[in-house]
Amino acid sequence: MDPADLARDTAWMAVALAEADAAAAEGEVPVGCVVVDAHGSELGRGRNAREALADPTAHAETIAIRAAAGKIGGWRLEGATAYVTLEPCAMCAGALVLARVARVVYGCADPKAGAVATLYSIGRDARLNHRFEVVAGVLEAECSDRLRRFFAALRALHTND
């Protein structure tokens, strides 16, 4: 990867990590996402809010996609990149395809639900009407560490019940 691309991807992943931290502070699974246009301007960001909104679709990616679409006044996010701390699930990968993003950059793989590389290749499947580039492992350790700490604390809390 070109050093300039890596620097850009790392900087935007840090923004997504800040969203993940905000989610964790609210008792949500620490996943964050930011959508950036082809010129490097932020279009929208989001963090998990399933508990707060009592909404199973309130993943970081769907919230960020909605914010981005609202900002541009349309649903086609052509040329955009989505930076997400955890590999998108099938629902989110499908939404990213439907939004026509150009790239998905994620931090750590999701062995239980990852749908852009781990379990499925949504976004690179030639049968779909749109495909996106996938870049994995940007700030991987930082992303996985937040999830590990969150679930360790959750297990400890339930062990003491």
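Calculation rules
- Residues numbered from 1 in each chain as written.
- Predicted model: local features only at pLDDT ≥ 70, side-chain atom pairs only at ≥ 80, totals over all residues.
- Heavy atoms only, no water.
- Helix = DSSP H or I, 4+ residues; strand = E, 2+ residues; numbered from the N terminus.
- Expected span 1.5 Å × (residues − 1).
- Buried < 20%, exposed > 50% of the residue type's maximum accessible area, 1.4 Å probe, protein only.
- Arc of directions from axis to C-beta.
- Contact = heavy atoms within 4.5 Å.
- Salt bridge = Lys/Arg side-chain N within 4 Å of Asp/Glu carboxyl O.

*Asks:* Hey, could you run me through helix α5 (residues 140–159) in this one?
*Replies:* Residues three or four positions apart in an α-helix share a direction because the helix packs 3.6 residues into each turn. The end-to-end C-alpha separation of α5 is 28 Å, in line with the 28 Å expected for 20 residues at 1.5 Å each. Within α5, the full set of buried residues consists of Cys 143, Ser 144, Arg 146, Leu 147 and Phe 150. Seen along its axis, α5 keeps its buried residues to an arc of 155°; they face one direction. Among the exposed residues of α5, those pointing more than 90 degrees away from its buried face are Ala 141, Arg 148, Arg 155 and Thr 159. In this structure, the buried side of α5 is in contact with α1 (3–25), β3 (81–86) and β4 (103–108).

*Asks:* For this particular structure, what's the right way to read the pattern of salt bridges?
*Replies:* Where charged atoms of side chains with opposite charge meet at close range, the side chains can pair. In this structure the tally under the stated criterion is 11 salt bridges. Between Arg 47 and Glu 19 there is a salt bridge; the shortest N-O distance is 2.8 Å. With a gap of 28 residues between them, Arg 47 in strand β2 (residues 42–47) and Glu 19 in helix α1 connect regions that are remote in the sequence. By relative accessible area, which is 25% here, Arg 47 ends up partly exposed. Looking at Glu 19, the relative accessible area reads 8%, which means it is buried. As a salt-bridge pair, Asp 145 and Arg 149 come within 2.9 Å of each other at their nearest N and O atoms. Of this pair, Asp 145 and Arg 149 both sit in helix α5, 4 residues apart, roughly one helical turn.

Just geometry here; none of it tells us what the structure is for.
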